[in-house]
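So the chains spell out like this:
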Number of protein chains: 2
Amino acid sequence: MAVAEEGHVGRAARKLHLTQPPLSRHILALEDELGTRLFERTPRGMMLLPAGEVFLSHARRILAEVDVAIARTKGAGEGEA
Amino acid sequence: MAVAEEGHVGRAARKLHLTQPPLSRHILALEDELGTRLFERTPRGMMLLPAGEVFLSHARRILAEVDVAIARTKGAGEGEA
DNA sequence: GATGATTACGGCAGTCGTAATTATA
DNA sequence: TATAATTACGACTGCCGTAATCATC
């Protein structure tokens, strides 16, 4: 998500308090796991491919739902306590 | 999810091709992260608490959505290739 | 004393960061 | 030659498994 938003691995890495290489490896590992390129590499940075857009929109929604799950679980726990 | 389904850390661990201690630690870490107990420990095993049920239902749906995300992304990638 | 979860502890895998390399304009 | 990504490589953190311990019936 950070790479998609920034358009650069380097800038995204700074945002995530990481350096370029590990983040680059994460992207490559994810593409490998999915069996699909998510980004087009350009000399100016990274550009989302259609498959990347599809994955990005799912990822955003799923992460939002994780937040909801955490909040609801905490709420249920406090209700009990 | 496995522990909830089996009702025992040990049985769940076997199902996951793991041993008891790391799985027990995962559960404890998750409870710590959420700040809430998910299971009641009984001498016969683990029983879901209400907060655990809430978390379980969210977890199931979220993992199913991850599968959908993967499938759709792969599909988009192949459509492009 | 048996069953089942948890804690201690040593070893290994995976991920990080720095440095070097590759690629394109 | 400048920018940006990737690969090489050494170091460290974190997770696993075995063994020991705690707790309840």
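Residues numbered from 1 in each chain as written. Chains lettered and ligands numbered in written order. Predicted model: local features only at pLDDT ≥ 70, side-chain atom pairs only at ≥ 80, totals over all residues. Heavy atoms only, no water.

- Per an unreviewed UniProt entry, the recorded name for chain A is Transcriptional regulator, LysR family, and the organism is Anaeromyxobacter dehalogenans.
- Per UniProt, the comment on chain A under Sequence similarities (unreviewed entry) is "Belongs to the LysR transcriptional regulatory family." (UniProt positions renumbered as here; feature names shortened; annotations may be inferred.)

## Here we look at the interface of chain A and chain B
Then, number 1: Across the boundary between the two partners, chain A contributes 22 residues, which contact 22 residues of chain B.
Then, number 2: Summed over both partners, the interface of chain A with chain B buries about 1800 Å², with 74% contributed by carbon and sulfur atoms.
Then, number 3: On inspection of chain A and its partner chain B, the count reaches 0 residue pairs in polar contact (both at pLDDT 80 or more).
Then, number 4: Residue contributions to the side of chain A that touches chain B peak at 18 residues, all from helix H4 (residues 50-80) of chain A. (Contact = heavy atoms within 4.5 Å. Buried area = accessible area lost by both parts, 1.4 Å probe. Polar contact = N/O pair within 3.5 Å; in protein donor to acceptor, adjacent residues only side chain to side chain. Helix = DSSP H or I, 4+ residues; strand = E, 2+ residues; numbered from the N terminus.)

## With respect to the pattern of salt bridges
Then, number 1: Under the counting rule described, the total for this entry stands at 14 salt bridges over all chains.
Then, number 2: Its salt-bridge partner being Glu-6 of chain A, residue Arg-11 of chain A comes within 3.4 Å of it at the nearest N-O pair.
Then, number 3: The partner of Glu-65 of chain B in a salt bridge is Arg-61 of chain B, and the shortest N-O contact between them spans 3.9 Å. Of the two residues, Glu-65 of chain B and Arg-61 of chain B both sit in helix H4 (residues 50-80), 4 residues apart, roughly one turn of that helix. (Salt bridge = Lys/Arg side-chain N within 4 Å of Asp/Glu carboxyl O.)

## Concerning the protein's contact with DNA strand D
Then, number 1: Around DNA strand D, a shell composed of 20 residues is seen, among which Val-9, Ser-24 and Arg-41 of chain A together with His-26 and Pro-43 of chain B lie nearest.
Then, number 2: The sugar-phosphate backbone supplies 67% of the atoms of DNA strand D found within 4 Å of the protein.
Then, number 3: Measuring from a phosphate oxygen of DNA strand D, one finds a side-chain N or O atom of Arg-41 of chain A at 2.5 Å.
Then, number 4: At 3.1 Å from a phosphate oxygen of DNA strand D is found a side-chain nitrogen or oxygen belonging to Thr-19 of chain B.
Then, number 5: Elements supplying a minimum of two residues to the surface near DNA strand D: helix H2 (9-15), helix H3 (20-34) and strand S2 (45-48) of chain A together with helix H3 (20-34) of chain B.
Then, number 6: With 5 residues, the top contributor of residues to the surface near DNA strand D is H3 of chain A.
Then, number 7: A class-by-class count of the residues in the surface near DNA strand D yields 9 nonpolar, 7 polar and 4 charged. (Near = heavy atom within 4 Å. Nonpolar A, V, L, I, M, F, W, Y, C, P; charged D, E, K, R; others polar.)

## What to know about the relation of the copies chain A and chain B
There are two copies of the chain, and a rotation about an axis plus a shift along that axis relates them.
Then, number 1: Note on the identical chains: chain A maps onto chain B by a rotation of 180 degrees and an axial translation of 0.0 Å, with an RMSD of 0.0 Å. Such a turn and shift between the copies fits a two-fold axis. Of every C-alpha in chain A, the one belonging to Ile-62 of chain A sits nearest the axis of rotation, 3.3 Å from it.
Then, number 2: Here 100% of the interface residues in chain A have copies in chain B that are interface residues too; the copies meet face to matching face. (Least-squares fit on C-alpha atoms with pLDDT ≥ 70 in both.)

## Notes on the pairing of S2 of chain A
As a general feature of sheets, a regular strand has side chains that alternate between the two faces.
Then, number 1: Sheet topology places strand S1 (residues 39-42) of chain A next to S2 of chain A; 4 bridges connect them, and they run antiparallel. Its bridge partner lying in S2 of chain A, Thr-42 of chain A is registered against Gly-45 of chain A. (Pairing = 2+ DSSP bridges.)

## A few points about the environment of Pro-22 of chain A
Then, number 1: By secondary structure assignment, the location of Pro-22 of chain A is in helix H3.
Then, number 2: Between the C-alpha atoms of Pro-22 of chain A and Val-9 of chain A, which are 13 residues apart in sequence, the distance is 9.8 Å.

## Quick notes on the protein's contact with DNA strand C
Then, number 1: Lining the immediate environment of DNA strand C, one finds 19 residues, of which Pro-22 and His-26 of chain A together with Val-9, Ser-24 and Arg-41 of chain B sit closest.
Then, number 2: Restricting attention to atoms of DNA strand C within 4 Å of the protein, one finds that 63% of them are sugar or phosphate atoms.
Then, number 3: Taking Arg-25 of chain B, its side chain carries an N or O atom lying 3.4 Å from a base nitrogen of DNA strand C.
Then, number 4: Elements that contribute at least two residues to the surface near DNA strand C include exactly H3 of chain A together with helix H2 (9-15), H3 and strand S2 (45-48) of chain B.
Then, number 5: Residue contributions to the surface near DNA strand C peak at 5 residues, all from H3 of chain B.
Then, number 6: Residues belonging to the surface near DNA strand C are distributed by class as follows: 8 nonpolar, 7 polar and 4 charged.

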